[in-house]
Amino acid sequence: MPLVTTTEMFKKAYQGHYAIGAFNVNNMETIQGIIAAGKRTRSPLILQISQGARKYANIIYLKKLIEAAVIDAPELPLAMHLDHGDTFEICKACVDDGFTSVMIDASHLPFSDNIALSKKVVEYAHDHGVVVEAELGKLAGIEEHVVNDRSQFTDPDEVEEFVAKTNVDSLAIAIGTSHGAFKFKGNAQLRFDILEEVSKRLPNFPIVLHGASSVPQEFVDMIQKYGGNVQGAQGVPEEMLRQASKLAVCKINIDSDIRLACTAKIREHFAEYPAHFDPRQYLAPAREAIADMVERKIINVLGSQDKI
Ligand code: G3H
Ligand code: 13P
Ligand code: ZN
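Below, the structure is looked at part by part. (Residues numbered from 1 in each chain as written. Chains lettered and ligands numbered in written order. Predicted model: local features only at pLDDT ≥ 70, side-chain atom pairs only at ≥ 80, totals over all residues. Heavy atoms only, no water.)

**Focus on the overall build of the protein**
Here's step 1: Secondary structure assignment for the protein yields 12 helices and 10 strands.
Here's step 2: At 18 Å, the protein has a C-alpha radius of gyration in line with the 19 Å of a compact globule built from 308 residues.
Here's step 3: Seen through its C-alpha atoms, the protein measures out along the principal axes to roughly 60 × 45 × 35 Å.
Here's step 4: Counting across all 308 residues of the protein, residues that qualify as buried make up 56%.
Here's step 5: For the protein, the proportion of contacts with a sequence separation of at least 24, taken over those separated by at least 6, is 76%.
Here's step 6: Carbon and sulfur atoms make up 52% of the accessible area of the protein, which amounts to about 13300 Å² in all. (Helix = DSSP H or I, 4+ residues; strand = E, 2+ residues; numbered from the N terminus. Rg over C-alpha atoms; globule rule 2.2 N^0.38 Å. Buried < 20%, exposed > 50% of the residue type's maximum accessible area, 1.4 Å probe, protein only. Contact = heavy atoms within 4.5 Å. Areas by Shrake-Rupley, 256 points an atom, 1.4 Å probe, with all protein chains shown as cover.)

**Some points on the coordination of the zinc ion (ligand 3)**
Here's step 1: Donor atoms from the polypeptide that bind the zinc ion (ligand 3) are His84 (NE2), His179 (NE2) and His210 (ND1), placed at 2.0 to 2.1 Å.
Here's step 2: Between consecutive donors of the zinc ion (ligand 3), the numbers of intervening residues give the motif H-x94-H-x30-H. In this pair, His84 sits in strand 3 (residues 78-85) while His179 sits in the loop between strand 8 (170-173) and helix 8 (192-201), placing the two residues 95 residues apart along the sequence.
Here's step 3: The buried category is assigned to His179, whose relative accessible area is 17%. (Donors = N, O, S within 2.8 Å, 3.2 Å for Na, K, Ca; no water.)

**Here we look at helix 8**
Side chains three or four residues apart in an α-helix point the same way, a direct result of the helix having 3.6 residues per turn.
Here's step 1: When helix 8 is considered as a whole, its buried residues turn out to be Phe192, Ile194, Leu195, Val198 and Ser199. End-on view of helix 8: buried residues confined to an arc of 155 degrees, all on one side of the axis.
Here's step 2: Elements in contact with the buried residues of helix 8: helix 7 (156-166), strand 8, strand 9 (207-209), helix 10 (238-246) and strand 10 (249-254). (Arc of directions from axis to C-beta.)

**As for the packing of helix 2 (residues 28-41) against helix 12 (residues 279-302)**
Here's step 1: The interhelical angle for the contact between helix 2 and helix 12, taken along N-to-C directions, is 40 degrees, at an axis separation of 8 Å. Taken together, the axes of helix 2 and helix 12 lie oblique to each other. Considering the relative orientation of helix 2 and helix 12, their crossing is right-handed. Facing helix 2, whose interface residues are Glu29, Thr30, Gln32, Gly33, Ile34, Ala36, Ala37, Gly38, Arg40 and Thr41, helix 12 presents Leu283, Arg287, Glu288, Ile290, Ala291, Asp292, Val294, Glu295, Ile298 and Ile299. (Axes fitted to C-alpha atoms, helices over the stretch in contact; angles between N-to-C directions. Parallel < 35°, antiparallel > 145°, perpendicular 65-115°, else oblique. Left-handed = near helix turned anticlockwise from the far one by under 90°.)

**A word on the pattern of salt bridges**
Here's step 1: Evaluated as defined, the whole model comprises 21 salt bridges.
Here's step 2: In this structure, Glu239 and Arg242 form a salt bridge, with 2.9 Å as the shortest nitrogen-oxygen distance. You can see Glu239 and its partner Arg242 sitting in helix 10, three residues apart, about one turn around the helix.
Here's step 3: The exposure class of Arg242 is partly exposed, given its relative accessible area of 25%.
Here's step 4: Linked through salt bridges whose partners overlap, the residues forming this network are Asp157, Glu160, Glu197, Lys200 and Arg201. (Salt bridge = Lys/Arg side-chain N within 4 Å of Asp/Glu carboxyl O.)

**Overview of the site of ligand 2**
Here's step 1: Neighbouring ligand 2 are 15 residues; Asp83, Lys183, Ser213, Asp255 and Ser256 lie closest to it.
Here's step 2: The separation between an oxygen atom of ligand 2 and a polar main-chain atom of Ala212 is 3.1 Å.
Here's step 3: For ligand 2, the accessible surface in isolation is 310 Å², of which the surrounding protein chains cover 96%.
Here's step 4: Looking at the shell around ligand 2, the elements with two or more residues in it are strand 3 and strand 10.
Here's step 5: A per-class count over the shell around ligand 2 returns two nonpolar, 10 polar and three charged. (Near = heavy atom within 4 Å. Polar contact = N/O pair within 3.5 Å; in protein donor to acceptor, adjacent residues only side chain to side chain. Nonpolar A, V, L, I, M, F, W, Y, C, P; charged D, E, K, R; others polar.)

**Notes on the side chain of Thr41**
Here's step 1: Structurally, Thr41 is set in helix 2.
Here's step 2: Within the structure, Thr41 has its side chain in polar contact with the backbone oxygen of Ala37 (distance 2.7 Å).
Here's step 3: Discounting chain neighbours no more than four positions away, the residues touching Thr41 are Glu295, Ile298, Ile299, Gln305 and Asp306.

**So, the pairing of strand 10**
Across a regular strand the side chains alternate sides, sitting on one face of the sheet and then on the other.
Here's step 1: Taken across its six residues, strand 10 has six buried, putting it largely inside the fold.
Here's step 2: Where strand 9 meets strand 10, three bridges bridge the pair, whose relative direction is parallel. Looking at strand 10, one finds that Val208 is bridged to Lys251. (Pairing = 2+ DSSP bridges.)

**Here we look at the environment of Gln189**
Here's step 1: Mapped onto the elements, Gln189 comes out in the loop between strand 8 and helix 8.
Here's step 2: The spacing of Gln189 and Glu295 is 106 residues in sequence and 26 Å in space, taken between C-alpha atoms.
Here's step 3: If near-sequence neighbours (up to four positions away) are discounted, Gln189 is found in contact with Ile175, Gly176, Phe184 and Met240.

**A closer look at unusual backbone geometry**
Here's step 1: Of note, the phi angle at Asn167 is positive, near 65 degrees, even though the residue is not glycine.
Here's step 2: With respect to the helices, strands and loops of the structure, Asn167 is situated in the loop between helix 7 and strand 8.
Here's step 3: Within the chain, Val215 stands out as a residue other than glycine whose phi angle is a positive 50 degrees.
Here's step 4: The topology assignment puts Val215 in the loop between strand 9 and helix 9 (217-225).
Here's step 5: On the basis of relative accessible area, Val215 is assigned to the buried category, the value being 5%.

This is the structure in structure tokens:
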């Protein structure tokens, strides 16, 4: 089937109390690993492209790779999504480029400016059959375009007005997750009370969780064992993600876990085969590690298997 929007995926996920994985893609092996996992589990998938990914790969390469994925996996509902677009122009470029979903991240702007920019993107996107995710509240952490030292939880008092005035299709909220592999210093804590309050105010409305990698210990250990240093890396416990996907969370964003799986496997490979220098020798196992990680995530955390 051709690329789809997230509308149907989110409707079914909301009603079925599971979530769709939104996986960041930057190159061929990552896309192939994610698609392999989707095929094994018969799961819908969101492939998301950040502004950094656009710059790294040149968007035409990623677009063509995703077109190839559609041909390779005709049975899977696949959405192509812009992750963290921060201007009208970048969102428009993606709509014009065939993306089926875009995120306008104006969460760093004052409330009224966030509304105005998100609304403008929604009007253009909806005119072209594309859906829009926006964000309220701020996640801690560093991304190429959005740098926040401290998180600022979403205020449930703002969500109804925001959604009514912008007409967005889904909303990312800040409840204590953060981008990257170092999410918590002590015990992981998420503000489920905010999630529950937001979902009461927005019945049947899909909520998005960014910064939702779980940072599997096995990858941290492998990276440490084979000469890397990611000591202290900690993610969102899988149990919390399962709980969130049973509530209103319909989209769970995962990038760091892909990076960790890939890096751990490549480090292991180089340690075991120091004479290898053909990239296929180490990228093939890295691709398989990504596929296995995504497969486990779909089955053990998201619950989106057999939902095509
Ligand atoms: O939310 C951010 C994603 O992990 C993308 O990261 O901007 O480095 O591609 P990036
Ligand atoms: P992680 O860094 O937890 O994988 O989050 C990715 C993300 O939110 C992409 O938008
Ligand atoms: Zn994000």
